[in-house]
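Residue-level structural notes
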Amino acid sequence: MNRRNRRNRGFSLMELMVVLVIMGILATVVVQNVLQNIDKAKVTKTMSQIAIFKNSIIQYKIDTNVYPDYLSDLVTMPADIKGWNGPYIDTVPLDGWGNEYTYYPPEQGSNTFEIISYGADGEEGGDQKDADISNLSMIEDQSAEAQ
């Protein structure tokens, strides 16, 4: 009878504490990895959308011989524009963090336009997930990788 009582006693408080600590450590590692992957996915999504904007703006320029004044011009034909053959995109999406993109059309005599996402914080500057992403910085990054 002594043996049976020992077997049915269950877990000691110390054993339960050890199991809980191990589960906490594992949960922490998993959550950190998941959060890092979510941030990477948001950056990738934003970079893909900027590339789509860039191609759509170039097609708009080819069709109309002018650059759009706003990203919404890619969706809805602006007044007094000839040759518009859109919509060039279905909607103007938000970046990976739910913020609006900023678009700077080229200045007079220039062909350089910029599409910017201000990252997770939605403010200019920052690093890591708060870093700004633009079509111009993506070109610079690709040039640096090639060298």
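This text follows the structure it describes.
Looking now at the overall build of the chain. Secondary structure summary: the chain contains 3 helices and 3 strands in total. Going residue by residue from the N terminus, the α and β elements of the chain occur as α-α-β-β-β-α. When the accessible surface of the chain is summed, it comes to about 10900 Å², and 53% of that surface belongs to carbon and sulfur atoms.

Considering all chains together, one arrives at 5 aromatic pairs under this definition. Centre to centre, the rings of W84 and Y88 are 5.6 Å apart; their planes meet at 90°, and the pair counts as edge-to-face. Y88 carries the same exposure label as W84, and that label is buried. Through a chain of ring-to-ring contacts, three or more aromatic side chains come together here, namely Y60, W84 and Y88.

Pairing is antiparallel across the open sheet formed by 3 strands, whose spatial order is β1-β2-β3. Where the open sheet ends on each side, the last strands, each with one partner, are β1 (102–104) and β3 (133–134). Of the pairings in the sheet, the one linking β1 to strand β2 (residues 114–117) comprises 3 bridges and is antiparallel in character. Bridge pairing links Y104 to E114 in β2. Here helix α2 (residues 13–64) sits on the sheet and contacts β1, β2 and β3; the angle it forms with β2, its principal contact strand, is near 160°.

Looking along the chain, the bond that leaves G86 and enters P87 is cis, with omega of 10°. Residue position: P87 is located in the loop between α2 and β1. Here the phi dihedral of D80 falls at roughly 65°; this positive angle occurs in a residue that is not glycine. Within the secondary structure, D80 sits in the loop between α2 and β1. By relative accessible area, which is 79% here, D80 ends up exposed. The phi dihedral of Q128 falls on the positive side, at around 55°, and the residue is not glycine. Along the chain, Q128 falls in the loop between β2 and β3. Accessibility expressed as a relative area gives 74% for Q128, which makes it exposed.

The rules behind these values
- Each chain has its residues counted from 1, following the order in which its sequence is written.
- Local features are withheld for residues below a pLDDT of 70 in this predicted model, meaning they are given only at 70 or higher, and side-chain atom pairs are given and counted only at 80 or more; totals for whole chains, interfaces and linings count all residues.
- Side-chain figures throughout are based on the complete set of non-hydrogen atoms in the structure, without hydrogens or water.
- A run of H or I in DSSP becomes a helix once it reaches four residues, and a run of E becomes a strand once it reaches two; helices and strands are each numbered from the N terminus.
- The Shrake-Rupley method, run with a 1.4 Å probe sphere, supplies the accessible areas, and residue values consider only the shown protein chains as cover.
- Planes of paired rings set the category: under 30 degrees apart is stacked, over 60 is edge-to-face and the rest tilted, where pairs are Phe, Tyr or Trp rings (Trp by its six-membered ring) whose centres lie within 6.5 Å.
- Residue burial is assigned from relative accessible area. The probe radius is 1.4 Å, only protein chains are included, and a residue is buried under 20% of its type maximum, exposed over 50%, and partly exposed in between.
- One requirement defines pairing of two strands: DSSP has to find at least two bridges between them.
- The criterion used for residue contact is that any of the two residues' heavy atoms lie within 4.5 Å.
- The axes used here are C-alpha line fits, helices contributing only the stretch in contact, and every angle between their N-to-C directions lies in the interval 0 to 180 degrees.

Function cannot be read off these values alone, since they describe shape.
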